[in-house]
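Reading the structure
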Amino acid sequence: MADPWQECMDFAVTLARQAGEVVREALKNEMNVMIKSSPADLVTVTDQKVEKMLLSFIKEKYPSHSFIGEESVAAGEKSVLTDDPTWIIDPIDGTTNFVHRFPFVAVSIGFVVNKKMEFGVVYSCVEDKMYTGRRGKGAFCNGHRLQASRQEGSEALERQLLTCALWPVGSQTRIMKWASTAGTWRELASLSPKLVAY
């Protein structure tokens, strides 16, 4: 039986790369930053531009599909998940990093049918890394299969991830603690190749 969603996933990969070009170009220019719900919840003109671009291309190709966009919802549109094929878009995943020109920025596209995730695409724009995953078919980075390792030492990674997850709690306006956490990120980066086999 033919895979009904592979074409959608291939299209999502193409769109993520196109959006990534816009994001990379915007990183070179001055940004207009706005606050959404709090000083820690930012949006830029590029967020809005990329989301409009993605939604426009998807609507043109798949007019019967539904859409949930982070910026559209933040602007007041309702977020209703039905059984219809639904595209879920975060045009700039990591807006605070984007505003501060830290390279951890991605375009994220999810695709849900019958309220079940069929695939996800995350394009790390600056690193030029395309992460893809299909329900029941595995996950990949730039075409190389990702696999969880059985190597000892995962407790250290868990501690680092917890540190990173809790770190923004005390800093609502800016990433002021970046310097003090850079060592954490470096340690995490050194652990990652050992814990994940490509």
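Residues numbered from 1 in each chain as written. Predicted model: local features only at pLDDT ≥ 70, side-chain atom pairs only at ≥ 80, totals over all residues. Heavy atoms only, no water.

Remarks on helix α1 (residues 6–27)
Put simply, the test is: The numbering of helices and of strands both runs from the N terminus, where a helix is a DSSP run of H or I of at least 4 residues and a strand a run of E of at least 2. Expected helix span is computed as 1.5 Å times (number of residues minus one). We call two residues in contact when some of their heavy atoms are within 4.5 Å.
Here α1 spans 31 Å end to end across 22 residues, near enough to the 32 Å set by a 1.5 Å rise per residue. Elements in contact with the buried residues of α1: α2 (45–61), β4 (86–93), α4 (95–99), β5 (106–113), β6 (116–124) and β7 (129–134).

Looking at the UniProt feature "binding site: Mg(2+) 1" (unreviewed entry) in the protein
We count it as follows: UniProt positions are given in the numbering used here, feature names are shortened, and annotations may be inferred rather than shown by experiment.
Within this numbering scheme, the UniProt entry marks E70 and I92 as carrying the feature "binding site: Mg(2+) 1" (unreviewed entry). Their sequence span is 23 residues, while the largest C-alpha to C-alpha distance among them is just 9.3 Å; these annotated residues converge on one region. Structurally, E70 is set in helix α3 (residues 70–74). Along the chain, I92 turns up in strand β4. Setting aside residues up to four positions removed in sequence, I92 forms contacts with V23, T44, T46, D47, F98, V105 and A106.

Examining the side chain of E118
Under the convention used in this document: Between N or O atoms, a polar contact is any pair within 3.5 Å; within protein, one atom must be a potential hydrogen donor and the other a potential acceptor, and residues adjacent in sequence are included only when both atoms are from side chains.
Position of E118 among the secondary structure elements: in strand β6. One polar contact links E118 to R135, side chain to side chain, over a distance of 2.7 Å. Non-local contacts of E118, meaning those with residues more than four positions away in its chain, are made with W5, F111, V112, V113, G133, R134 and R135.

Remarks on the packing of aromatic side chains
Going by this rule: Ring geometry is summarised as follows: Phe, Tyr and Trp rings, the Trp one being its six-membered ring, pair when their centres sit within 6.5 Å, and such pairs are stacked at plane angles under 30 degrees, edge-to-face over 60 and tilted between the two. Only protein chains enter the calculation, and the probe is 1.4 Å; a residue is then buried if its accessible area is under 20% of its type maximum, exposed if over 50%, and partly exposed in between.
All chains considered together, the criterion is met by six aromatic pairs. Between the aromatic rings of F11 and Y62, the centroid separation amounts to 5.9 Å while the plane-to-plane angle is 75°, which identifies the pairing as edge-to-face. In this pair, F11 is assigned in helix α1 and Y62 in the loop between α2 and β3 (66–69), connecting sequence segments 51 residues apart. Per residue, the accessibility class of F11 equals that of Y62, and both read buried. Between W87 and F119, the aromatic rings sit 6.0 Å apart at their centres with planes inclined by 80°, giving edge-to-face as the arrangement. Placement of the pair is W87 in strand β4 and F119 in strand β6, with a sequence separation of 32 residues.

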